[in-house]
Each structure stands twice: as structure tokens, then as C-alpha cells.
Amino acid sequence: MSLPTLRLDHARALLRQAGVALPEPGAGAAELQAIIDALCELSERDPLTGLPNRRAFMARLAQELDRSSRSGEVALLLMLDIDHFKAVNDRFGHLAGDAVIRAVADTLKSHIRPMDTVGRLGGEEFGVVFPNCGPGSGAQLAERLRAAVEAAHVPLPDGVTALRVTVSGGGAYAPAWVRSSIEHWMERADRQLYEAKRQGRNRVLIEPVAHSEVSAEEKERLFAWPDADGLIIDPADAI
Ligand SMILES: Nc1nc2c(ncn2[C@@H]2O[C@H](COP(=O)(O)OP(=O)(O)OP(=O)(O)O)[C@@H](O)[C@H]2O)c(=O)[nH]1
């Protein structure tokens, strides 16, 4: 059996295990295309929750950041982390911990707007990107997610126990008209998350827009572009 055939068998087995229905083997190009599509889809999903995984979420963030830098449209990044999650694992076991992660994911998914994206960043941490979301609605949307998690009862695998958990959140708006980096955006949101944990958890803090700092790296990336009359606009004026 040649190596490419083995790889194809491996891909089929992987997809079967993930519950993906494929055309019959031997269907030629159609089967290959279906396998490639399904593998791409699988590589972007978190297997525990079905949410976009870290890689897919970062790609989504990059899109939003690009849009904000070109259109000035405001987007909010919110990082959410389950509080005292280690205690859930320690007390009820890893399977119960997994059930809690899945339940929080479902709650977040059902409380975002259709244009928002929630992803699992890893462990008990989630990211939500809210496009077209000004400071007026950002805090409300973030608070809605926090409150929804707090209100949910999570049934554990033993079929008897139900848990209530809380999340802490940190948010930051994408800098409009500035070519920033997703790492810097995440770092700013993370700083707020750290502060929310420090202040006692079960709360969401969002970086005030007016104080949104522009890093040295961002300043270097600032670009000037000609307006309709050929004048050069200094983007620093737009910050
Ligand atoms: N069940 C389960 N546990 C996980 C998974 N990924 C990470 N963890 C656990 O999540 C726990 C995270 O604990 P910490 O980082 O100490 O945070 P915490 O207990 O939530 O405390 P705070 O964040 O400070 O409120 C660790 O015990 C990890 O082993 C997972 O996929 N499933």
C-alpha cells in the first residue's frame, strides 16, 4: 500500500471518528474534495465544545482588526475565564470539568448576536469578538454574557449534581484607524481580565476607549494615505 493511500485511509478514519459522513471510497475527485473540506473544518473546531478553536478565532480577530484599521468601525474583544475552575476539577473530577466547559460554551453561543464570534482559546478561557460594537453597547453585551453564565445550572455527568459557575471578563476595543496586532489587542483585553480576577471575579471590566493606548509598535505602523483631493491625512489626528 502506498503512503498517499495510507494517509487517505487515516483521514477517512479520523473523520469517521469525528462523525463526518463522507462519500463512498472510490468516488474520485468528489470524495477527495469532501475529505479536504472536512479536514479543514475539523482543524478549526475545538473538539470539546464545537466552537472555533484558538487558531480559527485568531484568524477572525485579524479580520476584525483589519476592518477597524481601514473603516474605523469599532469592534470589541472580550476574554472570558471560568472562575475557580480548578476547584471544579478537583472536587467533581475532570469529566465534570469538561461538562462545565461545554455548558459555558453553549451559554455563550446562545447569548451572542448573529454577527459575533465566540471561540475557545484553551483550557477554561473563551474569546468573543463583537464587530460593529461601540462603547455604548459593548459593556451591555459583555455583561449579558456574564449574567447568563451566572444564571445557568450545569448538570454534571452523575445525573444528580448541578453546578453554578461564574466567569470573569476583560475587554478592549480595536484601535480604529491604526494597524495594530492581534497580540497587542489580546494583551490589552487580558490585562482587564487579570484586573477583574484581582477585584474578586464574576465581573467584566472593559478598557475605557479614551484611555486606549497606542503602543510604540502601533505608532510605527501608522500609515498616511491620500484623501480624495490627494492631500495626506495624518492618521494620528484620527486617534
Ligand atoms: N476538565 C478540564 N479541565 C481543564 C481543561 N483545560 C484546562 N483545565 C484545567 O483548568 C484548570 C485551570 O485552573 P487555574 O488556571 O488555576 O484557574 P482557576 O482555578 O479557574 O482560577 P482563577 O482563574 O484564578 O479563577 C486547571 O486545573 C487545568 O487542569 C479541560 O479541557 N478540561
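Not measured: the values here are computed from a predicted model.

### Points about the overall build of the protein
Across its full length, the protein holds eight helices and nine strands. Buried residues in the protein amount to 29% of all 239 residues. Counting only contacts in the protein whose residues sit at least 6 apart along the sequence, the fraction spanning at least 24 positions is 64%.

### Comments concerning the domain arrangement of the protein
We note that the domain assignment places domain 1 (3–43) and domain 2 (54–221) within the protein. Each of domain 1 and domain 2 has a C-alpha centre, and the two are 34 Å apart.

### Concerning the environment of Gln192
Secondary-structure assignment places Gln192 in helix H7 (residues 182–198). In sequence terms Gln192 and Glu207 are 15 residues apart; their C-alpha atoms lie 6.6 Å from each other. When near neighbours in sequence (up to four residues on either side) are disregarded, Gln192 contacts Gly170, Gly171, Ala172, Leu205, Ile206 and Glu207.

### Details of the environment of Arg12
Assignment of secondary structure puts Arg12 in helix H1 (residues 3–17). A residue is classified by how many C-beta atoms lie within 10 Å of it, and Arg12, with 16 of them, is partly exposed. Along the backbone, Arg12 and Ala38 are 26 residues apart, and their C-alpha atoms lie at a distance of 9.8 Å. Ignoring any residue separated from it by four or fewer positions in sequence, one finds Arg12 in contact with Leu22, Pro25 and Ile35.

### As for the site of the ligand
By nearness alone, 16 residues border the ligand, and Asp83, Phe85, Lys86, Gly97 and Gly123 come closest of all. Those elements giving two or more residues to the shell around the ligand turn out to be strand S1 (76–82), helix H4 (85–92) and helix H5 (94–110). If you tally residues by element for the shell around the ligand, the top one is H5, at four residues. Here the residues of the shell around the ligand sort into four nonpolar, five polar and seven charged.

### Points about the UniProt feature "domain: GGDEF" (unreviewed entry) in the protein
Here the UniProt feature "domain: GGDEF" (unreviewed entry) sits at residues 73–209. Split by type, residues 73–209 is 43% helix and 24% strand. Its first and last C-alpha atoms lie 13 Å apart.

### Topic: the pairing of strand S2 (residues 117–122)
As paired elements, S2 and strand S3 (residues 125–130) share five bridges and run antiparallel to each other. In the sheet register, Thr117 faces S3, and the bridge partner there is Val129. Between S2 and S3, which pair antiparallel and follow one another directly, the connecting turn spans two residues, one of which, Gly123, has a positive phi of 50°.

### Quick notes on the confidence of the model for the protein
Of the residues in the protein, 85% reach a pLDDT of 70 or more, and the chain-wide mean stands at 86. Every residue in residues 223–239 scores below 50 in pLDDT, and together they form 18 contacts with partners more than four places removed in sequence or on other chains. Two summary scores accompany this predicted model of the complex, namely pTM at 0.83 and ipTM at 0.97.

### Some details on the environment of Arg164
One can find Arg164 in the loop between strand S5 (162–163) and strand S6 (167–173). In the structure, Arg164 is positioned 121 residues away from Ser43 in sequence and 31 Å away in space, judged by C-alpha atoms.

### Examining the packing of H4 against H5
Contact geometry for H4 and H5: axes closest at 6 Å, N-to-C directions at 140°. Judged by the inter-axis angle, H4 sits oblique to H5. Every residue of H5 that contacts H4 at Phe85, Val88, Asn89 and Phe92 is listed here: His94, Ala96, Gly97 and Val100. Here the contact of H4 with H5 is composed, by residue class, of five nonpolar, three polar and no charged.

Criteria and thresholds
- Residues numbered from 1 in each chain as written.
- Predicted model: local features only at pLDDT ≥ 70, side-chain atom pairs only at ≥ 80, totals over all residues.
- Helix = DSSP H or I, 4+ residues; strand = E, 2+ residues; numbered from the N terminus.
- Buried ≥ 20, exposed ≤ 12 C-beta atoms within 10 Å, placed from the backbone.
- Contact = placed C-beta atoms within 7 Å.
- Domains from an automatic or database assignment.
- Near = placed C-beta within 6 Å.
- Nonpolar A, V, L, I, M, F, W, Y, C, P; charged D, E, K, R; others polar.
- UniProt positions renumbered as here; feature names shortened; annotations may be inferred.
- Pairing = 2+ DSSP bridges.
- pLDDT = per-residue confidence, 0-100.
- Axes fitted to C-alpha atoms, helices over the stretch in contact; angles between N-to-C directions.
- Parallel < 35°, antiparallel > 145°, perpendicular 65-115°, else oblique.

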